[in-house]
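These are the residues of each chain, in order.
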Protein chains: 2
Amino acid sequence: MISNDICADCAVRDRALCGSLDDRELLALNTIGQRRHVTRGQTIAWAGDEAVICGNLLSGVLKLVAATADGREQTVGLLYPADFFGQPYAGDVDFTLTALTEAELCVFPRAAFERVLEDHQRMERLLLQRTFESLNEARGRMLVLARKSAGEKLAGFLLDMTARAGASGCQASRDGPVTFDLPLTRGQIADVLGMTIETVSRQLTRMKQSGVIGLPGGRAITISDREALMARAEAA
Amino acid sequence: MISNDICADCAVRDRALCGSLDDRELLALNTIGQRRHVTRGQTIAWAGDEAVICGNLLSGVLKLVAATADGREQTVGLLYPADFFGQPYAGDVDFTLTALTEAELCVFPRAAFERVLEDHQRMERLLLQRTFESLNEARGRMLVLARKSAGEKLAGFLLDMTARAGASGCQASRDGPVTFDLPLTRGQIADVLGMTIETVSRQLTRMKQSGVIGLPGGRAITISDREALMARAEAA
DNA sequence: CGGGTGGTTGACAGACATCAACGGTCGTGG
DNA sequence: CCACGACCGTTGATGTCTGTCAACCACCCG
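Under an unreviewed UniProt entry, the name given to chain A is Crp/Fnr family transcriptional regulator, and the organism recorded is Sphingomonas sanguinis.

Written out as structure tokens, the structure reads:
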């Protein structure tokens, strides 16, 4: 049975919301869940549309985007594997959800997922906790967007990405230089940090000239001096 | 019995989370809840402290504040009567909670409240929905903070406050001028919108000179031309 | 009466956006 | 295989919005 295999070989089985369910309970999810592949740049849900789906991100990176009437955009959230997307009990979608990279999703019809939540209080509680975490993160980001300088924003962002890259990056030694690929273009970084492409670029070259980071080319980045980066993330 | 009366004469009984409970269930809350009065400027919970309480706001206005290491501050949320505060299942408090005005709270020990949540799935679901709403609001605010000009921010803020003032303000006619008192000082508005006192003041006088608003004195404000205000809230 | 808080206004500066030009890389198609 | 265009990134010149510093006024309360 194919549907049974969906959860069995799930890459984020232990980290996603579903981790709170036992094997038997997973069967219920299996019957309503569906794998879906999206390509870079593809939009999964448009702000203003009816909220019909929710689910888990299996691989790749997604962004949540808010926009003004005249087209200015702000990325208000980044989603990584094992993150939940969508809003149970919602009417309409509030923020456009788009893939920044190739991505794999596990999608549920919203109504069906709500029924599962009702039967599994533990999962609903887990979702509540995650939502609080997202809220705290969003509020922390508000401070960054409103009060930090371009240099501070970028330093903080790079530290985030470094932590996120984690094991996947290659590092010579503990506390030594770390190199990895940023999953975002300069423009996408600008959207996240509330600045322009040019400012992102300029700040990066400045850090490079200071020896804090290296830019080997392409989307690669080397964190040469993590201490300095942390200092810059908090400096006035 | 005093404790029984707490909910009976609650000003926000029908709008707060507890509205989901029947009379018998309210007894459980009554035994753990406690009224508390706070004065203007008083802090209810400090960021970094252990999260020991949560509850409902009965009257007044509270703010949630995030701060950088070097003291820059950003108000990341405003709480109005019937709003819930605190974070069940949390470890530490993430954002300092302070009263902007005299305020009345209904406070619960966090651990006890969590037990009530576990027994009342309906209330937990309501809390989940509210948390999603807060998250959406925070994300919307991210767009404002990062991408809107001072004029747009202030126009949007005034529209919010107008909606909030609602019936309490006095208006001559539908769509006519509305006058009410802002519950925030210029400095507090600046903290909310991510700008400075001076810029708030300048933008207000500019709007006054354009005839969009009136500033009768004190903390009062008159919305003379709501259409124009809406235009300004979205203008580039 | 004096000090504190809150508000307004002016002069000035600086950080960042904007506008513009240019180079590199990659994929497609002739 | 090469060429073209699209996308991405960098850098420079310039402008402007808003933050900073400062002075001043009104009001309130002890």
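So much for the structure itself; the text now carries on.
Colleague: Where do I start with the protein's contact with DNA strand C in this structure?
Modeller: Around DNA strand C sit 17 residues in total, of which A150 and T199 of chain A together with R186, R202 and T205 of chain B are the nearest. Here the atoms of DNA strand C within 4 Å of the protein split so that 62% fall in sugar or phosphate, with bases taking the remainder. In the environment of DNA strand C, a phosphate oxygen lies 3.4 Å from a nitrogen or oxygen atom belonging to the side chain of T205 of chain B. Of all the elements in the fold, those that place two or more residues in the surface near DNA strand C are α7 (197-209) of chain A together with α7 (197-209) of chain B. Residues belonging to the surface near DNA strand C are distributed by class as follows: three nonpolar, seven polar and seven charged.

Colleague: Is there a simple way to explain the domain arrangement of chain A in this structure?
Modeller: Interface size is commonly expressed as the accessible area that is lost once the parts come together. Residue and element names in this part refer to chain A. Each domain of chain A was delimited in the assignment, giving domain 1 (13-145) and domain 2 (149-234). Facing the 13 residues of domain 1 at the interface are 12 residues of domain 2. Counting each side, the surface lost to burial between domain 1 and domain 2 is near 1100 Å², with a carbon and sulfur contribution of 58%. Our count for the domain 1 to domain 2 interface comes out at three residue pairs in polar contact (both at pLDDT 80 or more). Counting only elements with at least two residues in the side of domain 1 that touches domain 2, the list comes to β5 (73-79) and α4 (121-147). Sorting elements by how many residues they give to the side of domain 1 that touches domain 2 places β5 first, with four residues. In terms of residue class, the side of domain 1 that touches domain 2 is built from six nonpolar, three polar and four charged.

Colleague: Looking at this model, I keep getting lost on the interface of chain A and chain B. Mind explaining?
Modeller: With 49 residues of chain A at the interface, the matching set in chain B holds 49 residues. Of the roughly 4300 Å² buried where chain A meets chain B, counting both sides, 63% is carbon and sulfur surface. Put simply, chain A and chain B have six salt bridges between them. Its salt-bridge partner being R72 of chain A, residue E152 of chain B comes within 2.6 Å of it at the nearest N-O pair.

Colleague: Help me understand the packing of helix α3 (residues 110-119) of chain B against helix α4 (residues 121-147) of chain B in this model?
Modeller: For any two helices packed against each other, the geometry comes down to the angle between their axes and how far apart the axes lie. Residue and element names in this part refer to chain B. Where α3 contacts α4, the axes come no closer than 5 Å and their chain directions differ by 110°. By the angle class used here, α3 and α4 are roughly perpendicular. In this structure, α3 contributes F113, V116, L117 and D119 to the contact, and α4 contributes Q121, M123, E124 and L127. Per-class residue counts for the contact of α3 with α4 are five nonpolar, one polar and two charged.

Colleague: Looking at this structure, how should I read the environment of E118 of chain A?
Modeller: Counting through the fold element by element, E118 of chain A comes out in helix α3 (residues 110-119). Ignoring any residue separated from it by four or fewer positions in sequence, one finds E118 of chain A in contact with Y89 of chain A together with Q121 and R125 of chain B.

Colleague: Help me understand the packing of aromatic side chains in this model?
Modeller: All names here are of chain A. The full count for this structure, using the stated rule, is four aromatic pairs over all chains. Judged by centre distance (5.3 Å) and plane angle (20°), the ring pair of F108 and F113 falls under stacked. Exposure class is identical for F108 and F113. Each is buried. Taken together, the ring pairs connect F84, F108 and F113 into an aromatic cluster. Sitting above the plane of the Y80 ring, R164 keeps its charged end 3.8 Å from the centroid.

Colleague: What should I look at first to understand a negative patch on the surface in this one?
Modeller: Residues and elements named next belong to chain A. Together, D49, E50, D92 and D94 make up a region of like negative charge exposed at the surface. Here E50 is to be found in the loop between β2 (43-45) and β3 (53-59). Overall, the relative accessible area of 57% leaves E50 in the exposed class.

Colleague: Honestly, the sheet that holds strand β3 (residues 53-59) of chain B in this entry has me stumped. Any pointers?
Modeller: Strands sit in the order β1-β8-β3-β6 (chain B) across an open sheet of four strands; the sheet is antiparallel. Whereas interior strands pair on both sides, the edge strands pair on one side only; in this sheet they are β1 (34-38) and β6 (84-85) of chain B.

Colleague: Where do I start with the packing of helix α5 (residues 150-165) of chain A against helix α8 (residues 226-234) of chain A in this structure?
Modeller: All names here are of chain A. Between α5 and α8, the least distance of the axes is 7 Å, while the angle of their chain directions is 135°. In this view, α5 runs oblique relative to α8, as classed from their interaxial angle. For α5 against α8, the interelement crossing comes out left-handed. Together, G151, E152, A155, G156, L158, L159 and T162 of α5 and R226, L229, M230, R232, A233 and E234 of α8 make up the contact between the two elements. Split by residue class, the contact of α5 with α8 holds six nonpolar, three polar and four charged.

Colleague: I keep staring at the side chain of T101 of chain B and nothing clicks. Help me out?
Modeller: Residue and element names in this part refer to chain B. Along the chain, T101 falls in the loop between β7 (96-99) and β8 (103-109). Reaching out from T101, the side chain makes a polar contact with the backbone nitrogen of V61 at a distance of 3.0 Å. Not counting the four nearest positions on each side in its chain, T101 is found in contact with V38, T39, R40, G60, V61 and P183.

Colleague: How do you make sense of the nonpolar core when you look at a structure like this?
Modeller: Counting residues in each nonpolar core, the largest one holds 94 residues, and the members touching the most others are L62 and F113 of chain A together with L62 and F113 of chain B. Setting aside residues no more than four positions away along its own chain, L62 of chain A makes contact with I44, L57, G77, L78, L79, F85, L97, T98, A99, L100, A103 and L105 of chain A.

Colleague: Honestly, the UniProt feature "domain: Cyclic nucleotide-binding" (unreviewed entry) in chain A in this entry has me stumped. Any pointers?
Modeller: Per the UniProt annotation, the sites labelled "domain: Cyclic nucleotide-binding" (unreviewed entry) are residues 17-134 of chain A. Measuring from the first to the last C-alpha atom of residues 17-134 of chain A gives 14 Å, for a span that is 29% helix and 35% strand.

Rules of the game
Residues numbered from 1 in each chain as written. Chains lettered and ligands numbered in written order. Predicted model: local features only at pLDDT ≥ 70, side-chain atom pairs only at ≥ 80, totals over all residues. Heavy atoms only, no water. Near = heavy atom within 4 Å. Polar contact = N/O pair within 3.5 Å; in protein donor to acceptor, adjacent residues only side chain to side chain. Helix = DSSP H or I, 4+ residues; strand = E, 2+ residues; numbered from the N terminus. Nonpolar A, V, L, I, M, F, W, Y, C, P; charged D, E, K, R; others polar. Domains from an automatic or database assignment. Contact = heavy atoms within 4.5 Å. Buried area = accessible area lost by both parts, 1.4 Å probe. Salt bridge = Lys/Arg side-chain N within 4 Å of Asp/Glu carboxyl O. Axes fitted to C-alpha atoms, helices over the stretch in contact; angles between N-to-C directions. Parallel < 35°, antiparallel > 145°, perpendicular 65-115°, else oblique. Phe/Tyr/Trp six-rings, centres within 6.5 Å; stacked < 30°, edge-to-face > 60°. Buried < 20%, exposed > 50% of the residue type's maximum accessible area, 1.4 Å probe, protein only. Lys NZ or Arg CZ within 6 Å of the ring centre and 35° of its normal. Patch = residues over 30% accessible without salt bridge, like charges linked within 9 Å, V, L, I, M, F, W, Y side chains within 5 Å. Areas by Shrake-Rupley, 256 points an atom, 1.4 Å probe, with all protein chains shown as cover. Lys, Arg positive; Asp, Glu negative; His and termini not counted. Charge placed at Lys NZ, Arg CZ, Asp CG, Glu CD. Pairing = 2+ DSSP bridges. Left-handed = near helix turned anticlockwise from the far one by under 90°. Core = buried A, V, L, I, M, F, W, Y, C linked by side-chain atoms within 4.5 Å. UniProt positions renumbered as here; feature names shortened; annotations may be inferred.

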